[in-house]
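Coordinate analysis (summary)
So the chains spell out like this:
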Amino acid sequence: MVASPPAVQAALRVTVPAGVTAGQALRDGGAPTTGPDAVVVARDPQGALRDLAWAPDSDTEVDAVAASSPDGRSVIRHSCAHVLAQAVQQHFPDAKLGIGPPVIDGFYYDFDVDRPFTPEDLAILEKTMRRIIKAGQRFSRRVLGSVSEAKRELAAEPYKVELVDLKGSTSGVTIDPDEVMEVGAGDLTIYDNVHPRTGETIWSDLCRGPHVPTTRHIPALRLMRTAAAYWRGSERNPQLQRIYGTAWESTEALERHLELLAEAQRRDHRKLGAELDLFSFPDEIGSGLAVFHPRGGTVRRVMEDYSRRRHEEAGYDFVNSPHITKAQLFETSGHLDWYADAMFPPMHLDEELADDGTVRKPGQDYYLKPMNCPFHNLIYRSRGRSYRELPLRLFEFGSVYRYEKSGVVHGLTRVRGMTQDDAHIYCTPEQLQGEICSLLSFVLDLLRDFGLDDFYLELSTRNDEKYVGTDEQWEQATEALRQAAEATGLELVLDPGGAAYYAPKISVQAKDALGRTWQLSTIQVDFQLPDRFELEYTASDGSRRQPYMIHRALFGSIERFFGVLTEHYAGAFPAWLAPVQVVGIPIADEHVEHLQQVAKALRARGIRVEVDASDERMQKKIRTHTTQKVPFLLLAGSKDVEAGAVSFRFRDGTQINGVGVEDAVGAITGWVARRENRSPSAAELPIGQP
RNA sequence: GCCGCCUUAGCUCAGUCGGACAGAGCGGCUCACUCGUAAUGAGCAGGUCCGGGGUUCGAUUCCCCGAGGCGGCUCCA
């Protein structure tokens, strides 16, 4: 199941004569005014979106923006947020307005209210919104003369006043224009919701617009959930009550969206993890700490084994390091300065007290490790290094522990204990560029082998308020990463200020089968740690030089990648990864022996196979193992036994009957050895029927 | 960490407006059935109603505290 892309079609372009509204000109030009492709706003030659009521001073070319286009949807959602706010203030007259922008797949609006909203409130608000929409209120733009006029009009809305002040101020405080729709670069404007017949203003909101012409242009909506959110995104500010909703150009589009959400819920790795007996989070261990059951453990082992093999082939050296260390190491690395809050608190060991209670021997703090790099640096530093050894690539499946805040742990994707497939590469300055390039293609290749093939890259650059190192170092590292990223030909998205304090990074974002993106691999160039650890190598001229260091996590964390793969495949892992690859199902007891022989042959060739000899009926067994998403079911009855054959049944219900045992074993082992990521089915397997 | 919601059998969930032995389906176990492509039938076992405290004659139910989960916010080396 995939999200259907918005209709892509050349937008209608018309010339709007001076003094005529864009809406009139577009209507005259034949733009649809109803249905999913109805024009909702216009795009001017500068690319700005304009209300259809906008009338330019001189002849101007504009493009129609359809309801079903990405921009059209945003406008609908933003207008829908206004309708929500109107409904809220109707039911909660004391509610103060925060901000109400469109977001991916929906919108939200924040309110300061006496009590949080309940699900019942949402139902009532949604009903009121439908009434407002049906009334066909016009969105009418009004320019305010000055900041003081705006503040006078908005006196009852303290948060809006704050936004007006921010816009008016020269303090340099910036407002994120994607989030704050209230004020923009131009005039301060109010949108009045006007009764279609009486012309009476029913409700107003500070807003830069644009909006759909009338509330009737919001064809489908749904309020989704409530949440708290800090005012202006800072935990130092008061929390407002947020309502999330979604709105679409048609009921069908809304239904498709809701179905996508339902599908995401069905393939939630936490749910599948329990259903398929893959892993669990026992309360006794602690929040965010997983145990992998035999089936999950098998998938993990296959993932790790394959990764190991590929790393070996790519010239990595395998190392190991302990889970805890004295504080000193993380003082040297700087992690304690930056991340102490997010580390498990230390164990204070080895302290001895005298009889009088005074300290006779001071103890030491030991920390669980949150990162592997300091250990790898010690390995590097354990003896002198020659330029001939570089690039030195140290790889480890390293378990790290991070004290994630209680509200953020989430299934396998945000945990407190995880295994990184972590590598640190030490190289000369001359090797840096080439190393990053080959690293990036190595990473992408391996991800593709796991069936992820839709990527884009993100380049996170320096956060000017949180970094160490010199401008030159940052520039050089960022440039090296950028060049490598561009060389892949993949889309590159900038993430200004997104880097960790010590290094810029490239992250690989992968889209899964539902079109959701996950950050997987990261590559960082680091100048700080080699310096802090005084890493050196002897160059060909005998001089001592400092190596460059590249941090690289490929899957990111094994746990997280496991979760991503589970959702990507909806639990139906490719056969080479599946915990149980084959289940033999006898028609009756007397056919068990035959299947045992087949299983033996498969097992001898490394296939994970079971024979279900329980006394359930055959149909029940098929159901059981199909719901367990076993890729190959092999049935055998008297006909098969006599013919020395088995009958295939696949996850999709297709079958190939009477396949000779040797052919069957060959087909399965071949499919697994090729690491086919598709789900096997009758049409895919080159055996049996012509 | 903050806000809201939730926690009943291994799993999914009923239920108790504060009162009698707390229910169902799936799963597990036992028995019968031996069957040709998604649920055979019968029986049995299984519960500190998340933990602690309080209110009450009486608490799984109401209140408080805690733990865990879920949805967000902030955070994510």
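The structure displayed is predicted, hence computed values, not measured ones.

Further remarks concern the overall build of chain A. Tallying secondary structure elements over chain A gives 19 helices and 34 strands in all. Overall size of chain A, expressed as C-alpha extent along the three principal axes, is 85 × 80 × 60 Å. Each of the 690 residues in chain A was classed as buried or not, and the buried ones make up 50%. Of all intrachain contacts in chain A linking residues separated by at least 6 positions in sequence, the fraction that spans at least 24 positions is 69%. Here chain A carries 78 positive and 98 negative side-chain charges, and the mean point of each set is 3 Å from the other.

Two faces belong to every sheet, and in a regular strand the side chains alternate between them. Where burial is concerned, most of strand β25 (residues 505-511) is hidden: six out of the seven residues are buried. Examined bridge by bridge, strand β23 (residues 454-460) and β25 share seven bridges and lie antiparallel to one another. Bridge assignment links L459 to a residue of β25, and that residue is I506. Once β25 ends, the chain turns through five residues before running back antiparallel as strand β26 (residues 517-526), passing G515 with a positive phi of about 85°.

Let us look at the protein's contact with RNA strand B. Inspection of the region around RNA strand B gives 56 residues, with Y230, Q239, R623, K639 and N657 positioned closest. Per the 4 Å cut-off to the protein, sugar and phosphate atoms form 51% of the nearby atoms of RNA strand B. Side-chain polar atom of D283 to a sugar or linking oxygen of RNA strand B: 3.0 Å apart, as the coordinates give it. A342 is positioned such that a nitrogen or oxygen atom in its backbone is 3.2 Å from a base nitrogen of RNA strand B. Going through the elements one at a time, β11 (220-230), β12 (239-248), α10 (335-339), α17 (618-627), α18 (638-643), β33 (645-650) and β34 (655-660) are the ones with two or more residues in the surface near RNA strand B. Counting residues per element, the surface near RNA strand B draws most heavily on α17, at seven residues. Looking at the surface near RNA strand B residue by residue, the class counts come to 18 nonpolar, 18 polar and 20 charged.

The strand order across the open sheet built from three strands is β8-β9-β10, with neighbouring strands paired in antiparallel fashion. The open sheet has two edge strands with one neighbour each: β8 (138-143) and β10 (201-206). Taken pair by pair, the neighbouring strands of this sheet meet at an average axis angle of 25°, ignoring direction. Relative to strand β9 (residues 189-194), β8 runs antiparallel, the two sharing six bridges. Its bridge partner being in β9, S140 is matched across the sheet by D192. In the packing of helix α2 (residues 70-91) onto the sheet, the strands contacted are β8, β9 and β10, and the crossing angle to β10 comes to about 120°.

For the rest of this paragraph, the subject is helix α15 (residues 558-568). One full turn of an α-helix is made of 3.6 residues, so residues set three or four places apart face in the same direction. Of all eleven residues in α15, eleven are buried, a share of seventy percent or more. Residues I558, E559, R560, F561, F562, G563, V564, L565, T566, E567 and H568 constitute the buried set of α15. After α15 finishes, the residue A570 shows a positive phi value of roughly 55°.

On to a negative patch on the surface, then. Together, D589, E590, D615 and E616 make up a negatively charged patch on the protein surface. Structurally, D615 can be placed in the loop between β31 (609-611) and α17.

Within chain A, residue pLDDT values average 93, and 97% of them lie at 70 or more. The low-confidence segment residues 1-8 (pLDDT under 50) makes 13 contacts with residues lying over four places distant or belonging to another chain.

Let us look at the domain arrangement of chain A. According to the domain assignment, chain A consists of domain 1 (13-68), domain 2 (71-263), domain 3 (291-323 + 369-457 + 517-566) and domain 4 (582-673). Spacing between the C-alpha centres of domain 1 and domain 3 amounts to 52 Å.

On to unusual backbone geometry. Residue G209 is joined to P210 through a cis peptide bond whose omega torsion reads -5°. On the secondary structure map, P210 appears in the loop between β10 and β11. With an omega dihedral of -5°, the bond running from L390 to P391 counts as a cis peptide bond. Secondary-structure assignment places P391 in the loop between α11 (373-381) and β21 (392-401). You will see that D350, though not glycine, has its phi angle at about 70°, which is positive. Even without being glycine, K629 reaches a positive phi, approximately 60°.

Looking now at the environment of A150. Mapped onto the fold, A150 is located in helix α4 (residues 147-153). In sequence terms A150 and K600 are 450 residues apart; their C-alpha atoms lie 81 Å from each other. If we skip the residues at most four places from it in the chain, A150 touches L144, V164 and L188.

On inspection of all chains with the given rule, the structure shows 45 salt bridges. One salt bridge in this structure joins D110 and R242, with 2.7 Å as the shortest N-O distance. Separated by 132 residues along the polypeptide, D110 in strand β7 (residues 106-112) and R242 in strand β12 bring together distant segments of the chain. Per residue, the accessibility class of D110 equals that of R242, and both read buried. We note a salt bridge from D471 to R462, for which the minimum N-O separation is 2.9 Å.

Turning to the environment of Q86, a few remarks are in order. Tracing the backbone shows Q86 in helix α2. Overall, the relative accessible area of 5% leaves Q86 in the buried class. Placed 433 residues apart in sequence, Q86 and Q519 show a C-alpha to C-alpha distance of 38 Å. In contact with Q86, other than residues within four places in its own chain, are I132, Q137, N193, I202 and W203.

Turning to the sheet that holds strand β4 (residues 60-66), a few remarks are in order. Here we have four strands laid out as an open sheet, ordered β1-β4-β2-β3, and antiparallel in their pairing. Two strands bound the open sheet, and with one partner strand each, they are β1 (13-16) and β3 (49-50). Two strands pair when backbone bridges link them, and β1 and β4 are joined in this way by four bridges, in the antiparallel orientation. Residue pairing in the sheet places T15 in a bridge with E61 of β4. Across the sheet, α2 lies against β2 (39-43), β3 and β4, angled at about 115° from β2, the strand it touches most.

As a packed pair, helix α16 (residues 592-604) and helix α19 (residues 661-673) sit with axes 10 Å apart at the nearest point and diverge in direction by 40°. The angle between the axes of α16 and α19 places the two elements in the oblique class. Pair α16 / α19 crosses with right-handed handedness. Two secondary-structure elements touch here, α16 through H594, V598, A601 and L602 and α19 through V661, V665, I668 and T669. Across the contact of α16 with α19, the residue classes tally to six nonpolar, two polar and no charged.

What counts as what
Residues numbered from 1 in each chain as written. Chains lettered and ligands numbered in written order. Predicted model: local features only at pLDDT ≥ 70, side-chain atom pairs only at ≥ 80, totals over all residues. Heavy atoms only, no water. Helix = DSSP H or I, 4+ residues; strand = E, 2+ residues; numbered from the N terminus. Buried < 20%, exposed > 50% of the residue type's maximum accessible area, 1.4 Å probe, protein only. Contact = heavy atoms within 4.5 Å. Lys, Arg positive; Asp, Glu negative; His and termini not counted. Charge placed at Lys NZ, Arg CZ, Asp CG, Glu CD. Pairing = 2+ DSSP bridges. Near = heavy atom within 4 Å. Polar contact = N/O pair within 3.5 Å; in protein donor to acceptor, adjacent residues only side chain to side chain. Nonpolar A, V, L, I, M, F, W, Y, C, P; charged D, E, K, R; others polar. Axes fitted to C-alpha atoms, helices over the stretch in contact; angles between N-to-C directions. Patch = residues over 30% accessible without salt bridge, like charges linked within 9 Å, V, L, I, M, F, W, Y side chains within 5 Å. Areas by Shrake-Rupley, 256 points an atom, 1.4 Å probe, with all protein chains shown as cover. Salt bridge = Lys/Arg side-chain N within 4 Å of Asp/Glu carboxyl O. pLDDT = per-residue confidence, 0-100. Domains from an automatic or database assignment. Parallel < 35°, antiparallel > 145°, perpendicular 65-115°, else oblique. Left-handed = near helix turned anticlockwise from the far one by under 90°.

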